[in-house]
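So the chains spell out like this:
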Amino acid sequence: MKRVTMLAAATTAAVLALSACSGEKQSGAAAPAPSEAKSSLSSPLGDAIQLAALSRESTKKAKSSKVTMETVAGAEKNTASGQGQYDGANTKFSMSMDSDGKKIDMLFVDSALFVKLDEADKAELKTDKTYVKIAADGQDPFSQLLGKLMSKAIKDSDPSRILEQVSQGGKITKSDQVELNGEQTNHYVVEVEAEKAIALIMGEIGIPLPAESVNQLKAKLAGKNVVITTELWLNADQLPVQVVSDTTAFVKAMGAPGDGVAKTTVKYTDWGAPVTITAPPADQVGDMAEMIKNQAGGR
């Protein structure tokens with residue numbers, strides 16, 4: 001089960017990563033993409049709710065972008081790149097992720113995640129299929145868990161959702177104007193108390209933590225004033241250029257070994273550019289539950 005476990009862990013991480021990369025469904029006629037009507041950089045906003053609303057509308061108008069991501073956890077570094085078309089329930093992604101030395105190619109389309117299998121995966125899962133499908137409404141335990149994570153990923157996909165969550169559990173602590181990669185941007189630093197962030201995330205996913213785990217978390221965080229810091233750089237069209245989330249203080253409080261550095265950097269480019277993402281042919285796709293069942297039965 002080693003490769004199955006690795007695939008499950010890496011895929012779960014990838015699904016969580018998707019939450020940094022999409023948008024909500026837009027009703028009515030589409031507005032011009034920001035690239036068609038450039039605006040000048042306005043002064044930074046101090047109200048998180050207003051900022052979230054403006055960023056959400058801009059994301060709806062743009063509807064697509066390219067994305068690169070780097071996640072650092074201690075000595076381990078994972079990278080990913082891809083592109084997405086953002087339209088609520090019709091959101092689509094293609095992403096290639098390098099996780100712990102294993103490359104994972106995936107597609108998110110038709111409300112399902114398709115993960116490409118390498119030869120070692122196929123051998124252990126006893127399949128000749130090229131992809132495994134993980135549906136949001138799957139009945140096996142793995143799909144049920146990922147289904148909830150995927151649902152949250154779509155809900156949280158608009159970067160402005162970060163600011164919506166800040167308005168519930170945190171605050172903007174700093175704002176200024178800086179140049180990033182040759183572009184003038186509004187730069188924001190936002191902080192959310194760790195306990196509030198955990199409660200928001202677990203509550204929205206719908207996976208309650210056992211009472212013992214909750215008590216252990218509270219004990220480790222008690223009196224430490226641990227915060228999760230997120231920095232955002234938004235361009236003149238209120239679109240994200242870069243988002244950096246730093247959970248170092250949290251993982252250190254949890255007792256992580258080593259230097260405990262934990263940071264994710266997401267960069268956005270080519271907002272509004274057309275993308276083409278389609279599901280794999282049906283005859284190349286296998287069912288995750290059946291693959292795991294066959295693999296377990298062959299032990």
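Every value quoted in this text rests on a predicted model; they were computed, and no experiment measured them. (Residues numbered from 1 in each chain as written. Predicted model: local features only at pLDDT ≥ 70, side-chain atom pairs only at ≥ 80, totals over all residues. Heavy atoms only, no water.)

Please explain the overall build of the protein as it appears in this structure.
When you go through the protein residue by residue, the secondary structure sums to nine helices and 12 strands. Within the protein, buried positions represent 43% of all 299 residues. Total accessible area on the protein stands at roughly 14600 Å², and carbon and sulfur atoms take up 52% of it. (Helix = DSSP H or I, 4+ residues; strand = E, 2+ residues; numbered from the N terminus. Buried < 20%, exposed > 50% of the residue type's maximum accessible area, 1.4 Å probe, protein only. Areas by Shrake-Rupley, 256 points an atom, 1.4 Å probe, with all protein chains shown as cover.)

Can you walk me through the pairing of strand 6 (residues 131–135) in this structure?
Each regular strand displays side chains that alternate between the two surfaces of the sheet. A large share of strand 6 lies buried, amounting to four of its five residues. Direction of pairing for strand 5 (residues 112–116) relative to strand 6: antiparallel, over a ladder of five bridges. Within strand 6, the residue paired with F114 across the bridge is K133. Relative to strand 12 (residues 285–287), strand 6 is paired through three bridges, and the arrangement is parallel. Its bridge partner lying in strand 12, V132 is registered against G286. (Pairing = 2+ DSSP bridges.)

Where do I start with unusual backbone geometry in this structure?
Excluding glycine, most residues fall at negative phi; most peptide bonds, likewise, are trans. Even without glycine at this site, K126 takes up a positive phi of about 55 degrees. With a relative accessible area of 49%, K126 lands in the partly exposed category. Even without glycine at this site, N181 takes up a positive phi of about 55 degrees. If you trace the backbone, N181 turns up in the loop between strand 7 (170–180) and strand 8 (183–193).

In this structure, what is going on with the environment of T68? I would like to understand it.
Assignment of secondary structure puts T68 in strand 1 (residues 64–73). With 29 residues separating them along the chain, T68 and M97 place their C-alpha atoms 9.7 Å apart.

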